[in-house]
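# Fold and geometry: a report
Residues per chain are reported as follows:
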Amino acid sequence: MPRSVPLVPVALLLALSLVACGGGGGGDGGDGGDDVRGRAGAPGVGDPYFPGAGNGGYDVRHYGLTLDYTPRTHRLAGSARIDARATHDLGAFNLDLKGMKVESVEVAGRPARFQRKGQELTVRPRDGIREGAAFTTVVRYSGAPVTITDPDGSEEGWLRTEDGALALGEPVGSMAWFPGNHHPSDKATYDITVTVPEGLKAVSNGELRSETTKRGRTRFAWHVGQPMAPYVATVAVGRFETRRSKTPDGLPVYVAVDPEEAAASKAVLARIPQVMKWAERSFGPYPFSSTGAVVDREEDAGYALETQTRPVFPGAPSLGLLVHELAHQWYGDSVTPESWRDMWLNEGFATYAEWLWQEEHGGYSAQQIFELIHAGDWFDSRAESDAVWAFPPGRPPSPGQISDPPVYEGGAMVLHKIRQKVGDGRFRSLLKGWAAAHRYGNADTADFTAYVEKLAPDEDFSEIWRDWLYGKGRPDSP
């Protein structure tokens, strides 16, 4: 984001009772039943900036989302099938869902008790779920999906647009349109099926498996076969112009553009195959099975986002922004941060990818950009220049600052210091090796520093970590 596995089989059948609770936070109920065995899964994973995000006690393997949306009435009806595995004996477990009305919850095909409180949907199996057991939960819900305002003032969740809607999820907006384990540390595969009025398109992640129209409504079925964090899932509904093609290597490319942005976007989107070829040469094999872009109107979102396989742009992107978001497919989407404290591992790498592109395509070298930023001569204003040094890249002071300049340019400065230390050859190996070592997984800053030190055991990185990653203010010398 710039500023601006297969399905799990059902292995456990549970006898549960049903209480239908209201969408804003109803009460618990039931017939008393047997005592619940096992402890409750935690209502959050303890993220340092978003402690309520995610849930403990289970690991999601696959989401099957079936959505029906009508822009005119702003009504979304959804069914979420969640295939998961218990990580300890569960007497209850939580799902994140902001807003909407929950109509029913089932586990293993049987009605389940549930209650709402804030963003937490608590599900209570009568007999519990044993550690290691696979289980399937189905939640049916409906209502007007909400827009969430982030601590930094930006908007995410389900954004209404002139001709439809745009779902964006960083950091916690995905819980506005489907229930789940909404933290980057729990990745899963997805099937996302969206039905909209005929004449509109519904674009999502992965590959379009089918498009069928019946009785004035069109159903689009998308499949994501590689693990995906919830915050990079997306749905875009509108009167898009769509184009399918392939890169010279045969990788499917699916592009959806708002008609008002089509002319301005045409030239830069035509360079996706070129950027992808360069990125694979720089970062290693592409981790996913398709690529592309969604270009909506500029007023529909205040920022671009690296939604997996298909980045979203507010208006026609610049070439640098296209490079940034496609680089995120390796750094952020495939290698995903363990917590939101590790955001610099996303943005530092994507920003440095812009520097490398310039260096290799007739622009400034990364060394020149590094020196200009350090001298305060890269940005147009003194305030922008000083903002890079407002806090350490590895330690943002608040959730409202995880997308601030130190995370982007400051993070890229850390990477360039490593490049200076180890030389171009080993640095190029680092770019590919880091992406390969944590492909489809999660990693934190400690994982990265350990990786660098193992890559170059003859070098001392303590000054880089102390002054550039965790130090306050501008280091004295570049």
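Above this text you will find the structure in question.
In short, a report on the structure. (Residues numbered from 1 in each chain as written. Predicted model: local features only at pLDDT ≥ 70, side-chain atom pairs only at ≥ 80, totals over all residues. Heavy atoms only, no water.)

### Quick word on the nonpolar core
Ranked by size, the top nonpolar core spans 139 residues in total, and within it Trp-177, Phe-283, Ile-418 and Phe-448 carry the most contacts. Per-element tally for this core: the top contributor is helix 7 (residues 405–437), with 13 residues. Residues within four places of Phe-283 in sequence aside, it is in contact with Trp-278, Ala-327, Trp-330, Tyr-331, Ala-353, Leu-356, Leu-431, Lys-432 and Ala-435. (Core = buried A, V, L, I, M, F, W, Y, C linked by side-chain atoms within 4.5 Å. Buried < 20%, exposed > 50% of the residue type's maximum accessible area, 1.4 Å probe, protein only. Helix = DSSP H or I, 4+ residues; strand = E, 2+ residues; numbered from the N terminus. Contact = heavy atoms within 4.5 Å.)

### Looking at the pairing of strand 3 (residues 75–86)
Pairing geometry for strand 2 (residues 58–70) and strand 3, over 12 bridges, is antiparallel. Bridge pairing in strand 3 links His-62 to Asp-83. Between the antiparallel neighbours strand 2 and strand 3 lie 4 residues, among them His-74 with a positive phi of about 55°. Where strand 3 and strand 9 (residues 134–143) come together, 10 bridges link them in antiparallel fashion. Paired with Leu-76 across the two strands is Gly-143, which belongs to strand 9. (Pairing = 2+ DSSP bridges.)

### So, the layout of surface pockets
Leftover empty space is mapped by rolling, across the atoms, a probe with the size of a water molecule. Roughly 210 Å³ of internal volume is contained in the second largest pocket. Listing elements by their share of the lining of the second largest pocket, those giving two or more residues are strand 18 (241–246), strand 19 (252–257) and helix 1 (262–269). Of the residues assigned to the lining of the second largest pocket, the class counts are 6 nonpolar, 2 polar and 3 charged. (1 Å grid on protein atoms, 1.4 Å probe; cavity = no way out; pocket = protein on both sides within 12 Å on 5 of 7 lines; lining within 4 Å. Points joined across faces, edges and corners; volume = space filled by probe spheres on them. Nonpolar A, V, L, I, M, F, W, Y, C, P; charged D, E, K, R; others polar.)

### Looking at the environment of Val-253
Along the chain, the position of Val-253 falls in strand 19. By relative accessible area, Val-253 is classed as buried at 4%. Leaving out residues up to four positions away in the same chain, Val-253 has contacts with Arg-243, Arg-244, Ser-245, Lys-246, Thr-247, Ile-272, Thr-291 and Gly-292.

### As for the packing of helix 2 (residues 272–283) against helix 3 (residues 319–327)
Viewed as axis vectors pointing N to C, helix 2 and helix 3 meet at an angle of 50°, and their least axial separation amounts to 10 Å. By the angle class used here, helix 2 and helix 3 are oblique. At the point where helix 2 passes helix 3, the crossing takes the right-handed sense. Where helix 2 abuts helix 3, its residues Ile-272, Val-275, Met-276, Trp-278 and Phe-283 lie against Leu-319, Leu-322, Val-323, Leu-326 and Ala-327. Class assignment for the residues of the contact of helix 2 with helix 3 results in 10 nonpolar, no polar and no charged. (Axes fitted to C-alpha atoms, helices over the stretch in contact; angles between N-to-C directions. Parallel < 35°, antiparallel > 145°, perpendicular 65-115°, else oblique. Left-handed = near helix turned anticlockwise from the far one by under 90°.)

### Quick notes on helix 5 (residues 366–375)
Within the sequence span of helix 5, burial applies to Ala-366, Ile-369, Phe-370, Ile-373 and His-374. The buried side chains of helix 5 occupy one side of the element, clustering within an arc of 130° when seen end-on. On its buried face, helix 5 is in contact with helix 4 (343–360), helix 7 and helix 9 (462–469). (Arc of directions from axis to C-beta.)

### Observations concerning the pairing of strand 12 (residues 165–168)
The alternating pattern of strand 12 places Ala-165 and Ala-167 and Leu-166 and Leu-168 on opposite faces, both of which are buried. Pairing of strand 11 (residues 155–160) with strand 12 involves 4 bridges; the strand directions are antiparallel. Bridging across to strand 12, Gly-157 finds its partner in Leu-168. The loop that links strand 11 with its antiparallel partner strand 12 comprises 4 residues. Across 3 bridges, the pairing between strand 12 and strand 17 (residues 235–238) is antiparallel. The residue bridging Leu-166 from the neighbouring strand is Ala-236, located in strand 17.

### A closer look at the sheet that holds strand 13 (residues 188–197)
Spatially, 8 strands are ordered 6-5-9-3-2-13-16-15 in an open sheet, and the strand pairing comes out mixed. Edge positions in the open sheet fall to strand 6 (110–111) and strand 15 (207–214), since each of these has one partner strand only.

### A closer look at the side chain of Ser-334
Locating Ser-334 in the fold gives a position in the loop between helix 3 and strand 22 (336–337). What Ser-334 contacts, discounting residues up to four positions off in sequence, is Lys-187, Pro-287, Phe-288, Gln-329, His-438, Arg-439, Tyr-440 and Gly-441.

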